[in-house]
Amino acid sequence: MKDFPAAYQVSEGSALSVDRPFYERIAAETGGRTLVDAFTIPIRFGRAWSVPAGHVFRIVAPEGPQVGDLNIWNRHDPRERLWAARTRQLQGAHVTTFDRLWSTLPFLRPLVTITADSLSHYGTDEYGGRVHDLLGTRCDPYVNKLLTGQDFHFHCHSNLTRAVMPFGLTEFDVHDVLNVFQVTGLNHDDLYFMRDCPAKAGDYLEFFAEIDLLCALSTCPGGDLSVPLWGPDARDPIDVCRPLAVEVYRLDPELTEGWQSPAVAPYRGQHGLHPEKGWWDKS
């Protein structure tokens, strides 16, 4: 099969151009960091937390392979949130260091930039699978009911719904996710597949907060995805479920000197909706 160039090309100085030396310094110079928040999310659970702009947060697999489903919002306006589909187009269906997660219209700006990825070496496996997936979305009780006829209340959609309630958000605010540590791809029938998670104890994915954020993470009830969730061989994968940890760091101010949060998209054209003037309006 031949390759074809990407539709969205990066040109120097464009909005897709990343200041790699800046993010490399953030990843490398960890000695001046101050840990301001840290917690562990139990299996089949969700938790939400805030990250101030200019801080770093890290998702860690403390006990070995486990998939996590991540949502991100603007802390001050949850209408601005992660736009997985546009991020797939601008960055890729799977993301790693220097990739950004973009927000919804009409904002369209980077919410975070990935600064470090201990699984960046994974590449593409023999099935065409890659890690840190934007190709799929969260598991949910609705599709589970359709496929199995059973109710299960601890899918990632439900975990995220419970997690954001203390922040005044609801199920309608939960959105398509970044599947952290998850390996996925499309098979020869062009169907989505998920395979066993490659993370080992201590593996992590790290993000720089470009604006003030509200984040939420679910420890997927599928665990490390080594057990089929649907089909004839499906069973409860409780034995392959593990916790995930989150760490939030304040950076040495010298590292972010001169940096500022990205502005929202500059388009203000009103989509061609320019009302006609009345005959009496001579202005």
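In short, a report on the structure. (Residues numbered from 1 in each chain as written. Predicted model: local features only at pLDDT ≥ 70, side-chain atom pairs only at ≥ 80, totals over all residues. Heavy atoms only, no water.)

1. Overview of the overall build of the protein
- Counting its regular elements, the protein contains 4 helices and 13 strands.
- Its C-alpha atoms give the protein a radius of gyration of 20 Å, near enough to 19 Å, the size a compact globule of 283 residues would have.
- When burial is assessed residue by residue, the protein has 47% of its 283 residues classed as buried.
- A sequence separation of at least 24 residues applies to 76% of the contacts in the protein between residues at least 6 apart.
- Counting only carbon and sulfur atoms, one obtains 54% of the accessible surface of the protein, whose full area is about 15000 Å². (Helix = DSSP H or I, 4+ residues; strand = E, 2+ residues; numbered from the N terminus. Rg over C-alpha atoms; globule rule 2.2 N^0.38 Å. Buried < 20%, exposed > 50% of the residue type's maximum accessible area, 1.4 Å probe, protein only. Contact = heavy atoms within 4.5 Å. Areas by Shrake-Rupley, 256 points an atom, 1.4 Å probe, with all protein chains shown as cover.)

2. Quick notes on the packing of aromatic side chains
- For the coordinates displayed, the defined rule picks out 9 aromatic pairs.
- Their ring planes at 80 degrees and their centres at 4.8 Å tell us that F22 and Y23 sit as a pair that is edge-to-face. Accessibility assignment for this pair places F22 and Y23 in one class, buried.
- Ring centres of F57 and F207 lie 4.7 Å apart, and the angle between their planes is 15 degrees; this geometry places the pair in the stacked category. Here F57 is found in strand β3 (residues 56-61), whereas its partner F207 is found in strand β11 (residues 203-209), with 150 residues between them in sequence. (Phe/Tyr/Trp six-rings, centres within 6.5 Å; stacked < 30°, edge-to-face > 60°.)

3. Let's talk about unusual backbone geometry
- Looking along the chain, the bond that leaves L105 and enters P106 is cis, with omega of 5 degrees.
- Structurally, the position occupied by P106 is in the loop between β6 (100-102) and β7 (110-117).
- Positive phi is not limited to glycine here, since D190 has a value of about 65 degrees.
- Relative to the elements of secondary structure, D190 occurs in the loop between β9 (178-186) and β10 (192-195).
- The phi angle at L225 is positive, at roughly 65 degrees, despite the residue not being glycine.
- When its relative accessible area of 8% is taken as the criterion, L225 is described as buried.

4. Here we look at helix α4 (residues 156-164)
- Judged by how many residues are buried, α4 sits mostly within the fold: 8 of 9 residues are covered.
- Burial in α4 covers these residues: C156, H157, S158, N159, L160, T161, A163 and V164.
- Looking at the buried side of α4, the elements it contacts are β2 (46-51), β4 (68-74), α3 (141-148) and β12 (213-219).

5. Looking at the nonpolar core
- If you look at the biggest cluster of nonpolar residues, it comprises 40 residues, and the most contacted ones within it are W49, F57, L70, F207 and L213.
- The element that contributes the greatest number of residues to this core is β9, accounting for 4 residues.
- With 10 residues, the next largest nonpolar core counts W73, A163, V174 and V177 among its residues. (Core = buried A, V, L, I, M, F, W, Y, C linked by side-chain atoms within 4.5 Å.)

6. A few points about the pairing of β11
- In terms of residue burial, β11 counts as a mostly covered element, since 6 of its 7 residues are buried.
- Examined bridge by bridge, β3 and β11 share 6 bridges and lie antiparallel to one another. Along β11, the bridge assignment pairs V56 with F208.
- As paired elements, β7 and β11 share 5 bridges and run antiparallel to each other. Along β11, the bridge assignment pairs I114 with F207. (Pairing = 2+ DSSP bridges.)

7. What about the side chain of S103?
- For S103, the location among the structural elements is in the loop between β6 and β7.
- One polar contact links the side chain of S103 to the main-chain amide nitrogen of L108, over a distance of 3.3 Å.
- S103 has contacts with E80, R81, W83, L108, R109 and L111, leaving out every residue within four places of it along the chain. (Polar contact = N/O pair within 3.5 Å; in protein donor to acceptor, adjacent residues only side chain to side chain.)

8. A look at the environment of V10
- Within the secondary structure, V10 is located in the segment before α1 (20-28).
- For V10, a relative accessible area of 54% gives the class exposed.
- Residues V10 and Q91, 81 residues apart in the sequence, show an inter-C-alpha distance of 9.8 Å.
- Look past the residues within four positions of V10 in its chain and what remains in contact with it is L16 and S17.

9. So, α3
- N-cap assignment for α3: the residue whose side-chain oxygen lies 2.8 Å from the backbone N of Y142 is D140.
- Phi turns positive one or two residues past the end of α3, at G149, with a value near 80 degrees.

10. As for the pattern of salt bridges
- In total, this model carries 12 salt bridges according to the counting rule given.
- With a closest N to O distance of 3.5 Å, K145 and D151 form a salt bridge.
- Among the residues examined, K145 registers a relative accessible area of 38% and is labelled partly exposed.
- A salt bridge links R195 to D196, with the nearest nitrogen and oxygen atoms 3.4 Å apart.
- A relative accessible area of 37% means that D196 is categorised as partly exposed. (Salt bridge = Lys/Arg side-chain N within 4 Å of Asp/Glu carboxyl O.)

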